[in-house]
Amino acid sequence: MSLNERLTQLPLSVDGYRLERLEQAVATGFTRVTTTVVLHGNGQEGRGEDVTYTAADHDHFPDSLPLAGSGSTAELSQRLEGRDLFAAAPEQEASRDYRRWAFESAALDLALRQSGQSLAEALGREAQPVRFVASTRADIEGWIAADPSLEFKLDPDQSWDDDLMSRLAATDRVRVLDLKAYYRGTVVDMEPDPRFYRTIAERFPDVVIEDPWLDEACLEALSGARDRLSFDAPVHSLADMDALAVEPRWLNVKPSRFGTTARLLECIEACEARGIRMYGGGQFELGRGRNHIQTLGSVFYPHAANDVAPSEYNVGEPRPGLPKSPLPAATTAGLG
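Quick caveat, the model's predicted, so the values are computed rather than measured.

**Q** Tell me about helix H3 (residues 95-115), and please be specific about residues and values.
**A** Its 21 residues place the ends of H3 30 Å apart at the C-alpha level, agreeing with the 30 Å of an ideal helix rising 1.5 Å per residue. H3 sits mainly inside the fold: 17 of its 21 residues count as buried.

Now the structure itself:
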């Protein structure tokens, strides 16, 4: 039985749902907003988080969808099919998948709780402690001082000079470098630069290189690092992964990008069959969605450099007392 069959055939009873809006000020002039979908039925609740980045897109969230009924998680997914979950077109098209995943993950969480199973139990797998890295800027000295064992996923940019790269490489704590070549109109856009790509590949010879651009010049610059290339932003389905100009050897799995449980599991199963190594990724979740990505990491890729650090790492300065890697295995009922 496939992963998809095991989970989408779980029985599910839904009486209704409610919404919980979460907000957190993270920088001057910027407030992170997410919305939690809370499905309830048979005395249990399942939660899923919409991580859409544009705050205004969380206004007028649909609160009266006809989701009540008994059946399976697959049947609830089918009831969502073809519905526009936005009152107006979202600023980013990817947000449609983020919102769909909020409902799909809430349904899966509820179904698991109603059956009294953890994700691992439902799949016949063993949950394991999940290794995580911290996603931050290049100033990692304070974090290392607080926790010398901490590992990192960093976003290089053109301000990185030889001295900075030498210092970062010398720490031997950097595991993933995200080139963010597929973002458009955001504060993290990064213009592809073959010379910079070549330097990154040479100065960090063992680091996974995420989301490089794939034109001829960039591919040539990364010719010696092809087995370290990973992708994230352009992959919302197995078809997207298969359409890449290269066969990836790594994939950053962010469940919200896939929209549906079926598409997520189809891609995970294909990666396992093809020997494509996976690691988990987050999207600044404020609520239960963070637990969900940690649970998926615990079940599917526990030993990878998972960008699923506890939410405490997203706020405040480096400090002692933060949770350390690895996190405990996800063994409780539900999705986390």
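**Q** Quick rundown of the environment of Arg257? Include the residues and the values.
**A** Counting through the fold element by element, Arg257 comes out in helix H10 (residues 255-258). Here Arg257 is in contact with Asp97, Tyr98, Tyr183, Asp232, Ala233, Val235, His236 and Gln283, once residues within four sequence places are set aside. Among the polar contacts made by the side chain of Arg257, one reaches the side chain of Asp232 at a distance of 2.7 Å.

**Q** Give me the lowdown on the packing of helix H6 (residues 162-171) against helix H7 (residues 194-203), citing residues and values where you can.
**A** It is at 10 Å that the axes of H6 and H7 come closest, and there the two elements cross at 30°. As far as their axial angle goes, H7 and H6 are roughly parallel. Between H6 and H7 lies a crossing of right-handed hand. Between H6 and H7, the residues in contact are Asp162, Met165, Ser166 and Ala169 and Thr199, Ile200 and Arg203, respectively. In terms of residue class, the contact of H6 with H7 is built from three nonpolar, two polar and two charged.

**Q** Outline the sheet that holds strand E12 (residues 277-280), supporting the account with residue identities and numerical values.
**A** Pairing is parallel in the open sheet, where seven strands are placed in the order E6-E7-E8-E9-E10-E11-E12. What marks the edges here is a single partner per strand, and that holds for strand E6 (134-136) and E12. Between one strand axis and the next, the sheet turns by 25° as a mean value, whatever way the strands run. Looking at chain direction, E6 and strand E7 (residues 152-154) are connected through three bridges and run parallel. The partner of Ala134 across the bridge, within E7, is Phe152.

About the cut-offs
Residues numbered from 1 in each chain as written. Predicted model: local features only at pLDDT ≥ 70, side-chain atom pairs only at ≥ 80, totals over all residues. Heavy atoms only, no water. Helix = DSSP H or I, 4+ residues; strand = E, 2+ residues; numbered from the N terminus. Expected span 1.5 Å × (residues − 1). Buried < 20%, exposed > 50% of the residue type's maximum accessible area, 1.4 Å probe, protein only. Contact = heavy atoms within 4.5 Å. Polar contact = N/O pair within 3.5 Å; in protein donor to acceptor, adjacent residues only side chain to side chain. Axes fitted to C-alpha atoms, helices over the stretch in contact; angles between N-to-C directions. Parallel < 35°, antiparallel > 145°, perpendicular 65-115°, else oblique. Left-handed = near helix turned anticlockwise from the far one by under 90°. Nonpolar A, V, L, I, M, F, W, Y, C, P; charged D, E, K, R; others polar. Pairing = 2+ DSSP bridges.

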